[in-house]
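One letter stands for each residue in the lines below.
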Amino acid sequence: MTTPVTIIGAGLGGLVLARVLHLHGVPVTVHEAEPSPTTRRQGGMLDVQPWSGQAALDAAGLLGGLRELVLEGRESYRVLDRTGTVLLDRPDDGTGARPEVQRGALRRLLLDSLPRGTVRWGSKVTGVRALGAGRHEVRLADGTTVVTNLLVGADGAWSRVRPLLSDSTPRYTGVCLVETFLFDADARHPAAAAAVGAGSLFALAPGRGLLAHRESGGTLHAYAQLLKPRDWLADVDPDDAATVTARTVEEFDGWAPELTTLITGSDTPPVLRRLFALPAGHRWDRVPGVTLLGDAAHLMPPNGEGANLAMLDGAELGRAIAAHPDDPEAALVEFERAMFTRAAEAANDDTYEIMLGEEAPHSTVAMLTPAERAS
Ligand SMILES: Cc1cc2nc3c(=O)[nH]c(=O)nc-3n(C[C@H](O)[C@H](O)[C@H](O)COP(=O)(O)OP(=O)(O)OC[C@H]3O[C@@H](n4cnc5c(N)ncnc54)[C@H](O)[C@@H]3O)c2cc1C
């Protein structure tokens with residue numbers, strides 16, 4: 001017997017799970033709130049880590065597809081101070097192990113690998129309830145319900161499935177981001193494009209920083225990062241782009257103009273993102289017939305691991321379900337045991353303290369330098 005699986009959320013974690021189950025012949029349906037695959041810009045660049053993201057895509061039979069998405073030269077990075085002085089500059093010499101791809105392209109690769117109809121778009125979950133004996137009822141926004149014997153919450157930070165397993169909710173981390181995009185930057189913003197270079201830029205000072213990546217087609221994708229109370233900009237209409245831009249750039253008063261252009265030169269309205277995280281080491285007691293993966297299970301501040309871990313979770317859960325076709329509980333026990341351990345290790349991370357702490361930017365230079373020597 002094979003239990004059909006109901007996944008909530010077509011992010012990278014849910015899609016890797018769906019793909020691995022499909023490869024093993026396990027019936028699966030994914031309910032995704034967004035109306036279509038192209039509704040939302042899918043974030044920026046991801047470096048796909050060997051032990052997690054790449055291992056997951058290998059299990060999904062998609063390593064070849066991943067290689068075709070890699071943007072050459074993007075593993076280079078540099079650290080600057082507020083004056084634009086380059087403190088560390090590491091070109092991509094082709095020996096790096098963490099290829100950079102656009103998240104949207106990776107999601108497309110996964111979607112294209114699934115049979116048509118696997119993902120139900122515009123299928124927003126509004127509630128879930130236990131029916132007993134491991135069965136759950138999933139309520140959808142259109143008023144219909146689905147009953148399933150195996151429910152997986154891959155529905156991100158504000159998971160609707162999580163309350164079945166845990167009372168924890170994400171807490172504000174003290175970090176606000178303002179996201180911008182500059183298109184055709186080499187021609188239109190040459191100084192900013194030169195500052196970013198071929199890959200990633202970290203321009204840092206205590207309490208604030210600018211992080212930028214060069215995407216395909218000369219696009220610069222940037223985040224202003226600020227240590228701020230949760231109500232920072234609460235008095236501003238988030239759709240008032242001019243005011244959000246002005247209030248953000250005033251935090252970078254005196255910074256080199258090629259850096260502040262990453263804020264003022266945006267071709268898209270700036271988007272304020274407050275970062276939340278679940279408690280490090282978040283876990284739960286086993287509840288029959290349901291589990292979580294990715295951000296739904298272990299939302300953490302961005303540290304280059306979240307999407308990679310979500311994909312690994314998806315691959316590991318898929319393999320465990322396929323290995324125990326008659327005993328989904330055994331699969332969930334096996335999956336959760338390993339997932340809790342690796343998520344706790346990854347969450348034990350002080351990236352933001354290092355990047356935006358009192359010793360910035362030198363603390364980041366110090367963090368990156370020994371890692372390079374060891375690699
Ligand atoms: C600014 C920033 C930069 C980041 N950079 C990196 C990086 O460089 N490398 C890295 O590895 N990670 C990075 N991360 C973390 C990464 O984005 C997440 O960890 C990752 O997206 C988690 O994947 P997921 O599949 O668990 O959830 P998500 O990607 O959040 O997907 C969840 C899906 O569920 C859907 N959904 C939500 N609610 C419902 C509902 N009620 N009904 C139906 N569907 C629903 C959503 O629409 C979404 O499609 C970054 C995060 C941020 C904020």
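Note that the coordinates shown come from a computational prediction; the quantities given were computed from them, not determined experimentally. (Residues numbered from 1 in each chain as written. Predicted model: local features only at pLDDT ≥ 70, side-chain atom pairs only at ≥ 80, totals over all residues.)

1. So, the domain arrangement of the protein
When its domains are assigned, the protein resolves into domain 1 (5-72 + 100-169 + 279-349) and domain 2 (171-277). Between the C-alpha centres of domain 1 and domain 2 there is a distance of 30 Å. Taken together, the contact between domain 1 and domain 2 spans 8 residues of the former and 9 residues of the latter. Its residues assigned to classes, the side of domain 1 that touches domain 2 shows 6 nonpolar, 2 polar and no charged. (Domains from an automatic or database assignment. Contact = placed C-beta atoms within 7 Å. Nonpolar A, V, L, I, M, F, W, Y, C, P; charged D, E, K, R; others polar.)

2. Some thoughts on the packing of helix α7 (residues 241-249) against helix α8 (residues 257-264)
Running from amino to carboxyl end, α7 crosses α8 at an angle of 150°, the nearest separation of the two axes being 9 Å. When the interaxial angle is binned, α7 and α8 end up roughly antiparallel. Every pair of crossing elements has a handedness; the one defined by α7 and α8 is right-handed. Here Thr245, Thr248 and Val249 of α7 come into contact with α8, specifically with Thr260, Ile263 and Thr264. Across the contact of α7 with α8, the residue classes tally to 2 nonpolar, 4 polar and no charged. (Axes fitted to C-alpha atoms, helices over the stretch in contact; angles between N-to-C directions. Helix = DSSP H or I, 4+ residues; strand = E, 2+ residues; numbered from the N terminus. Parallel < 35°, antiparallel > 145°, perpendicular 65-115°, else oblique. Left-handed = near helix turned anticlockwise from the far one by under 90°.)

3. Overview of the pairing of strand β2 (residues 28-31)
Pairing analysis gives 4 bridges linking strand β1 (residues 5-8) to β2, with the strands arranged parallel. Among the inter-strand pairings, valine 5 is bridged to a residue of β2, identified as valine 28. In the classification by handedness, the crossover that spans β1, the intervening helix α1 (residues 12-23) and the parallel β2 is right-handed. The pairing of β2 with strand β7 (residues 119-120) spans 2 bridges and is parallel. Paired with histidine 31 across the two strands is arginine 120, which belongs to β7. (Pairing = 2+ DSSP bridges. Right-handed = clockwise from strand over helix to strand, strands pointing away.)

4. Focus on helix α10 (residues 306-323)
Under the 1.5 Å per step criterion, the end-to-end length of α10 is 26 Å for 18 residues, consistent within 8% with the ideal 26 Å. The element α10 is extensively covered by neighbouring structure, given that 15 of its 18 residues are classed as buried. (Expected span 1.5 Å × (residues − 1). Buried ≥ 20, exposed ≤ 12 C-beta atoms within 10 Å, placed from the backbone.)

5. Thoughts on unusual backbone geometry
In the segment running from alanine 360 into proline 361, the intervening peptide bond is cis, with an omega of 5°. Structurally, the position occupied by proline 361 is in the loop between α12 (351-356) and α13 (362-374). Positive phi is not limited to glycine here, since aspartate 184 has a value of about 50°. Here aspartate 184 is to be found in the loop between β12 (171-182) and α5 (185-188). A tally of 13 C-beta atoms within 10 Å means that aspartate 184 is categorised as partly exposed.

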